[in-house]
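So the chains spell out like this:
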Amino acid sequence: MSTKIVQNLLKSAPFNRLYMSQIRSKATLPSLNFEYKDLEPIISRDIMEIHHQKHHNTYVVNYNNTLEKLQTAVAKDDTATIISLSPALKFNGGGHINHSIFWDTLTAHSTKPSDDLNKALIQSFGSFDDFKKQLATASIAVQGSGWGWLGFNPQTKKLTVVSCANQDPLFPTTGLIPLFGIDVWEHAYYLQYKNVRADYVNAIFDVVNWDAVSKRFCEALV
């Protein structure tokens, strides 16, 4: 019975393929493809180090702890506990997924969208600059904490901009495949930009790894 309950939770709660695979294995904090100081002056070393080592690592630790509780509850056929763990799995698993994408799509090097991605951005938003304005507007407008996302709709084959609250992962929440997300939790910018979220959001486009975003777009098309 407990196995069926977990399966139903996976279908109804916001999990994606990465999330589901981690039900059976512990999450690990990913290494970065750059040094903490490399994104300065856009994102300071202090922010990067705290964001990665403290905040992201906390999601990993809490996810793994929740996973152990889930495995114990399943072994005991403890239906109530299995159901009660869903919010913690969603929040901490989502935090791990979102940040893993975030780190992969940042770089200190100058990059540009691939021709295919640039064409899709123009088709969906009118121009590359209009896309940036839409994503910036959606990210700045998030009430409280959350993310602004560039996502790919596998049904319509179109790009779209949306926002998600807290650590809700994009694909399980909206059905959109995440290409690039802007973290607008205060821990992502407050030490440097204080309460001026707009300055942080507009600046972050200077350190986007468009090679990585373009790769994600190419993979989403398959």
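Note that the coordinates shown come from a computational prediction; the quantities given were computed from them, not determined experimentally.

A.B. asks: Teacher, can you tell me more about the nonpolar core here?
C.D. replies: One broad trend across soluble globular proteins is that nonpolar side chains are buried collectively. By size, the foremost hydrophobic cluster in this structure holds 50 residues, and its most contacted members are Leu106, Phe131, Leu150, Leu159, Ile182 and Tyr200. Setting aside anything within four residues of it in sequence, one finds Ile182 in contact with Phe102, Leu135, Ser139, Gly146, Trp147, Gly148, Tyr200, Val201, Ile204 and Phe205. If you look at the next biggest cluster of nonpolar residues, it comprises nine residues, including Val60, Leu67, Ile82 and Leu89.

A.B. asks: I would appreciate a short explanation of the pattern of salt bridges in the present structure.
C.D. replies: Where charged atoms from two side chains of opposite charge approach closely, those side chains can pair. In this structure the tally under the stated criterion is three salt bridges. Of the charged contacts in the structure, one is a salt bridge between Glu68 and Lys26, with a shortest N-O distance of 3.1 Å. Residue Glu68 is found in helix α3 (residues 45–75), and its partner Lys26 is found in the loop between α2 (17–22) and α3; the two are separated by 42 residues along the sequence. Taking relative accessible area as the criterion, Glu68 reaches 38% and is therefore assigned partly exposed. Overall, the relative accessible area of 53% leaves Lys26 in the exposed class.

A.B. asks: What exactly am I supposed to notice about the pairing of strand β2 (residues 158–165) here?
C.D. replies: Strand residues, when the strand is regular, have side chains that alternate between the two faces of the sheet. For strand β1 (residues 146–153) and β2, the ladder comprises eight bridges, and the chain directions are antiparallel. Residue pairing in the sheet places Gly151 in a bridge with Thr160 of β2. Taking the residues between adjacent antiparallel strands as the criterion, β1 and β2 are bridged by four residues, where Lys157 takes a positive phi near 65°.

A.B. asks: Can you help me understand the environment of Leu150 in this one?
C.D. replies: Along the chain, Leu150 turns up in strand β1. Here Leu150 is in contact with Leu121, Phe125, Phe131, Leu135, Leu159, Thr160, Ile177, Pro178, Leu179, Phe180 and Val213, once residues within four sequence places are set aside.

A.B. asks: Explain unusual backbone geometry to me, please; I cannot follow it from the model alone.
C.D. replies: In most cases, non-glycine residues show a negative phi, while peptide bonds are predominantly trans. A cis amide bond links Glu40 to the next residue, Pro41, at an omega of 5°. Examined against the element boundaries, Pro41 turns out to sit in the loop between α2 and α3. A positive phi angle is found at Asn166, which is not glycine, with a value near 55°.

A.B. asks: Please explain the sheet that holds β2 as it appears in this structure.
C.D. replies: Note on sheets: strands pair through backbone hydrogen bonds, and any given pair is parallel or antiparallel. What the three strands build is an open sheet, ordered β2-β1-β3; its pairing is antiparallel. With partners counted over all chains shown, the strands left at the sheet margins are β2 and β3 (177–183), one partner each. Ignoring strand direction, the axes of neighbouring strands in this sheet form an average angle of 25°.

A.B. asks: I keep staring at the packing of helix α6 (residues 115–125) against helix α7 (residues 128–140) and nothing clicks. Help me out?
C.D. replies: Between two packed helices, what matters for the description is the angle formed by their axes and the separation of those axes. Axis separation between α6 and α7 bottoms out at 8 Å; the angle between their running directions is 70°. One element, α6, and the other, α7, form an angle in the roughly perpendicular class. Here α6 runs over α7; the crossing is left-handed. Contacts from Asn118, Leu121, Ile122 and Phe125 in α6 reach Phe128, Asp130, Phe131 and Gln134 in α7. Residues belonging to the contact of α6 with α7 are distributed by class as follows: five nonpolar, two polar and one charged.

A.B. asks: Where do I start with helix α10 (residues 197–204) in this structure?
C.D. replies: Because each turn of an α-helix spans 3.6 residues, side chains separated by three or four positions in sequence point in the same direction. Those residues of α10 not exposed but buried are Arg197, Tyr200, Val201, Ala203 and Ile204. Taken down its axis, α10 places every buried residue within 170° of arc, on the same side. Packing partners of the buried residues in α10 comprise α5 (86–104), α7, β3 and α9 (190–193).

A.B. asks: In this structure, what is going on with the side chain of Asp168? I would like to understand it.
C.D. replies: Note that Asp168 resides in the loop between β2 and α8 (170–174). With relative accessibility at 17%, the residue Asp168 sits in the buried group. If we ignore the near neighbours within four places in the chain, the residues touching Asp168 are Lys90, Asn98 and Thr173.

A.B. asks: Would you explain the side chain of Asn92 in this entry?
C.D. replies: On the secondary structure map, Asn92 appears in helix α5. Using a relative accessible area of 6% as the deciding quantity, one classes Asn92 as buried. Setting aside anything within four residues of it in sequence, one finds Asn92 in contact with Thr58, Tyr59, Asn62, Tyr63 and Thr66.

Cut-offs used in this document
The residue count restarts for each chain, going from 1 along the sequence in the order it is written. Reporting in this predicted model follows two pLDDT cut-offs: at least 70 for local features of residues, and 80 or more for side-chain atom pairs to be given and counted; totals over whole chains, interfaces and linings ignore these cut-offs and use all residues. Hydrogens and water are ignored here; the side-chain numbers use all heavy atoms of the structure. Within this scheme, the nonpolar core is defined by two criteria: the residues are buried Ala, Val, Leu, Ile, Met, Phe, Trp, Tyr or Cys, and they are joined through side-chain atoms within 4.5 Å. Residue exposure (1.4 Å probe, protein chains only): buried if accessible area is under 20% of the type maximum, exposed if over 50%, otherwise partly exposed. Should any heavy atoms of two residues lie within 4.5 Å, those residues are counted as being in contact. Note on definitions: salt bridges are taken to be side-chain nitrogens of Lys or Arg within 4 Å of carboxyl oxygens of Asp or Glu. Here a helix means four or more residues in a row that DSSP labels H or I, a strand means two or more in a row labelled E, and each is numbered from the N terminus. Criterion used throughout: strands pair if DSSP finds at least two bridges between them. Axis lines are fitted to C-alpha atoms, over the contacting stretch for helices. Their N-to-C directions set the angle, which ranges from 0 to 180 degrees. To sort the angles, those under 35 degrees are grouped as roughly parallel, those over 145 as roughly antiparallel, those from 65 to 115 as roughly perpendicular, and the leftovers as oblique. The handedness criterion is simple: a crossing whose near helix is rotated anticlockwise from the far helix by less than a right angle is left-handed, and one whose near helix is rotated clockwise is right-handed. Any residue outside Ala, Val, Leu, Ile, Met, Phe, Trp, Tyr, Cys, Pro, Asp, Glu, Lys and Arg is labelled polar, Gly included; the first ten of those are nonpolar and the last four are charged. The arc in question is the one traced by the directions running from the helix axis out to the C-beta atoms.

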